[in-house]
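Residues per chain are reported as follows:
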Amino acid sequence: VRASLYCEAHNGPVLAAGYDAMLRYYDAKRPEVAKRLREFSRCLPAGPPLGPDPRVCAEDVGRALAAAWAGAPGAVDALVAIERLSAP
């Protein structure tokens, strides 16, 4: 299953930093896990804040998915969006 973490402009920098830190941790402790994470998950490029128009949101997410998974075979099975509710 491929999973994508959507990093929009508001929460994206914090989520991307956490994703990168997780990969560095597994690089050091369990390289085989880091390899699998890189193979099957992506932190999508930061996009604009999601607005109220679902068509625009879908287009933004579609562009982010295409950029993150370029050259990777198959479809994305899971898209994860996390809302950060407090300051970092």
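Since this is a predicted model, take the numbers as computed values, not measurements. (Residues numbered from 1 in each chain as written. Predicted model: local features only at pLDDT ≥ 70, side-chain atom pairs only at ≥ 80, totals over all residues. Heavy atoms only, no water.)

Overview of the overall build of the chain
Across its full length, the chain holds 3 helices and 3 strands. Secondary structure elements of the chain occur, N-terminal to C-terminal, as β-α-α-β-α-β. Across the chain, the fraction of contacts at a sequence separation of at least 24, relative to all contacts at a separation of at least 6, is 72%. On the chain, roughly 5700 Å² of surface is accessible, and the fraction owed to carbon and sulfur atoms is 63%. (Helix = DSSP H or I, 4+ residues; strand = E, 2+ residues; numbered from the N terminus. Contact = heavy atoms within 4.5 Å. Areas by Shrake-Rupley, 256 points an atom, 1.4 Å probe, with all protein chains shown as cover.)

Quick word on the environment of R24
Its location among the elements puts R24 in helix α1 (residues 12-29). With a relative accessible area of 53%, R24 lands in the exposed category. With 10 residues separating them in the primary sequence, R24 and A34 have C-alpha atoms 7.9 Å apart. (Buried < 20%, exposed > 50% of the residue type's maximum accessible area, 1.4 Å probe, protein only.)

Some remarks on the confidence of the model for the chain
Mean pLDDT for the chain: 79, with 70% of residues reaching 70 or above. Of all the helices and strands in the chain, strand β3 (residues 78-81) carries the lowest mean pLDDT, 65, while helix α2 (residues 31-40) carries the highest, 94. (pLDDT = per-residue confidence, 0-100.)

Here's the deal with the side chain of S4
With respect to the helices and strands, the residue S4 is situated in strand β1 (residues 3-6). Reaching out from S4, the side chain makes a polar contact with the side chain of W69 at a distance of 2.8 Å. (Polar contact = N/O pair within 3.5 Å; in protein donor to acceptor, adjacent residues only side chain to side chain.)

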